[in-house]
Amino acid sequence: MPNHRSGFVAIIGRPNVGKSTFMNRILGEKVAIMSPKAQTTRNKINGIYTTDDAQIVFVDTPGIHKPQNELDEYMDQAALSTLNQVDAVMFMVAADEQPGRGDKWILQELEKVTKPVFLLVNKIDLVHPDDLLPLIDQYSRMRNFDQIFPISATEGNNVEELLHSLTETLPEGPQYYPDDELTDHPEYFVVGELIREKILELSHDEVPHAVAVVVERMKDYQGGKLQIEANIFVERDGQKAIIIGKGGSMLKQIGIRARRDIENLLGEKVNLKLWVKVQKNWRDNNAYLRTLGYNKKDLR
Ligand SMILES: Nc1nc2c(ncn2[C@@H]2O[C@H](COP(=O)(O)OP(=O)(O)OP(=O)(O)O)[C@@H](O)[C@H]2O)c(=O)[nH]1
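What you are looking at is a predicted structure, and each value in this text was computed from that prediction instead of being measured.

(A) Looking closely at the overall build of the chain. Looking only at helices and strands, the chain has 11 helices and 9 strands in total. Here the chain holds 300 residues, and 50% of them are scored as buried. Considering only intrachain contacts with a sequence separation of at least 6, the fraction spanning at least 24 residues in the chain is 72%. Accessible surface, the chain: about 14500 Å² in total, of which carbon and sulfur atoms supply 46%.

(B) Seen up close, the side chain of Thr167. Turning to its location among the elements, Thr167 is positioned in helix 5 (residues 159-169). Since its relative accessible area comes to 16%, Thr167 is described here as buried. One polar contact links the side chain of Thr167 to the main-chain carbonyl oxygen of Leu163, over a distance of 2.7 Å.

(C) Geometry of the pattern of salt bridges. The full count for this structure, using the stated rule, is 9 salt bridges. Among the salt bridges present, the one from Lys112 reaches Glu109, with a minimum N-O distance of 4.0 Å. Looking at Lys112, the relative accessible area reads 48%, which means it is partly exposed. The buried category is assigned to Glu109, whose relative accessible area is 13%. Between Lys198 and Glu201 there is a salt bridge; the shortest N-O distance is 3.9 Å. With a gap of 3 residues between them, Lys198 and Glu201 both fall in helix 6 (residues 187-203), about one helical turn apart. Residue Lys198 is classed as buried on the basis of its relative accessible area of 5%. A single network of salt bridges, built from pairs that share partners, joins Glu197, Lys198, Glu201, Arg257 and Asp261.

(D) Geometry of the site of the ligand. Not every one of the 14 residues close to the ligand is listed here, only the nearest: Lys19, Ser20, Thr21, Asp125 and Ala153. The side chain of Lys123 places a nitrogen or oxygen atom 3.0 Å from an oxygen atom of the ligand. Separating a nitrogen atom of the ligand from a side-chain N or O atom of Asp125 is a distance of 2.8 Å. In isolation the ligand offers 650 Å² of accessible surface; the protein chains occlude 66% of this area. When residues in the shell around the ligand are grouped by element, the largest group, 3 residues, is from helix 1 (residues 19-27). By residue class, the composition of the shell around the ligand is 4 nonpolar, 7 polar and 3 charged.

(E) Region of the structure containing the environment of Leu200. Within the element layout of this structure, Leu200 appears in helix 6. Judged by relative accessible area, which is 14%, Leu200 ranks as buried. For the pair Leu200 and Ile243, spaced 43 residues apart in sequence, the C-alpha to C-alpha distance is 9.6 Å.

(F) Structural context of the packing of helix 7 (residues 237-244) against helix 8 (residues 249-266). At a closest axis distance of 5 Å, the pairing of helix 7 and helix 8 adopts a crossing angle of 65°. Contacts between helix 7 and helix 8 involve Ile242, Ile243 and Ile244 from the former and Ser249, Met250, Leu251 and Ile254 from the latter.

(G) Looking closely at the packing of helix 1 against helix 5. Close contact between helix 1 and helix 5 brings their axes to 11 Å; oriented N to C, the two are set at 85°. If you check the angle between helix 1 and helix 5, you find them roughly perpendicular. The segment helix 1 lies against helix 5, with Phe22, Arg25 and Ile26 engaging Val159, Leu162 and Leu163.

(H) Summary view of the side chain of Arg143. For Arg143, the position within the fold is in the loop between helix 4 (129-142) and strand 6 (147-150). Within the buried set, Arg143 has no salt-bridge partner at all; the shortest N-O distance to an opposite charge, 4.9 Å, is to Asp146. A polar atom in the side chain of Arg143 sits 2.7 Å from the backbone oxygen of Leu110. If near-sequence neighbours (up to four positions away) are discounted, Arg143 is found in contact with Leu107, Leu110, Glu111, Val113 and Val117.

Criteria and cut-off values
Residue indices begin from 1 for each chain and proceed along its sequence in written order. Local features are withheld for residues below a pLDDT of 70 in this predicted model, meaning they are given only at 70 or higher, and side-chain atom pairs are given and counted only at 80 or more; totals for whole chains, interfaces and linings count all residues. Note that the side-chain values use all heavy atoms of the structure and ignore hydrogens as well as water. Put simply, DSSP marks the helices as runs of H or I at least four residues long and the strands as runs of E at least two long, and each gets a number from the N terminus on. Accessible area is worked out with a 1.4 Å probe on protein chains only. A residue is then buried under 20% of its type maximum, exposed over 50%, and partly exposed in between. Note on contacts: a residue pair qualifies if any of its non-hydrogen atoms lie within 4.5 Å across the two residues. Throughout, the Shrake-Rupley method with a 1.4 Å probe supplies accessible areas, and for residues the shown protein chains are the sole cover considered. Polar contact is the term for a pair of N or O atoms within 3.5 Å; when the atoms are in protein, one must be able to donate a hydrogen and the other to accept it, and sequence-neighboring residues count only if both atoms are side-chain atoms. What counts as a salt bridge is simple: a side-chain nitrogen of Lys or Arg found within 4 Å of a carboxyl oxygen of Asp or Glu. Nearness is defined per residue: one heavy atom within 4 Å of the molecule or strand is enough. Under the scheme applied, nonpolar residues are Ala, Val, Leu, Ile, Met, Phe, Trp, Tyr, Cys and Pro; charged residues are Asp, Glu, Lys and Arg; polar residues are all the others, including Gly. Comment: axis = line fitted to C-alpha atoms, over the contacting stretch for helices; angle = value between 0 and 180 degrees taken between N-to-C directions. Working definition: roughly parallel below 35 degrees, roughly antiparallel above 145 degrees, roughly perpendicular at 65 to 115 degrees, and oblique for all remaining angles. Within this scheme the basic residues Lys and Arg register as positive and the acidic residues Asp and Glu register as negative, but His and the chain ends are omitted.

Listed below in structure tokens is the structure:
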């Protein structure tokens, strides 16, 4: 069996090129629009595409627009740093439009990106093939794209092939989010963040910010309490020992504090179960997750 792959992918492009339509197509009924109330980072998860052997987490990159003022410029810095921390960038353009100033500006920003950048030429159903090649040619001269896919988000042309290639470019990694429950529970992400926050608070920086929390289950009730199960991923046995603490004391404290916040967030009683797992080198495999911790303050 091939190894499981996973990663974070940014979709960028001018307004109206079809980014939302594309997301809806690949997520099908599993549209997982994430709009957590207490979002702790500015990186929004747009949707999560999960198969048996891969998981692609699509993220929004805020501030990809021309800076109008100092604050915008700051946001653009943040967006740009996000672009370098995802595993791949999808730059979407529309087949029925010529490259404009907006595209050029985005491409200029993309020059600093070292991760694979795909060109997605969307809406090919609107143009004659004879017109498509010259357009692709124009874009290819503007950047050496890792891959180019002419697609139609509404008709579905070439979308499967794109997902296949995209999966192959992603690093090996675990499934970060549960298969299908995400749609009904946008809180998964926030709950994970709350747990992570308590770990960092209580471990006094003995555990790197790269600790990842994955909420596995959050739907069953026992004795009127919502049962939440989450995995805490660390890289080394030593970190695991710190988080668990003497006789489990640290993990217990993390659980108590996190539960309090989660109950406030969800407005109901919760039973929280936590496991600590060692996953060697996952940080190297996924720079984006790392920034959920590292750059949180910078991005706020
Ligand atoms: N013919 C055709 N129309 C498309 C295709 N993809 C998107 N559209 C249409 O293009 C318009 C814009 O699509 P959106 O998905 O809203 O574009 P967007 O990039 O998400 O736009 P913003 O949210 O403004 O950034 C809609 O009317 C879509 O129906 C396509 O492949 N073919």
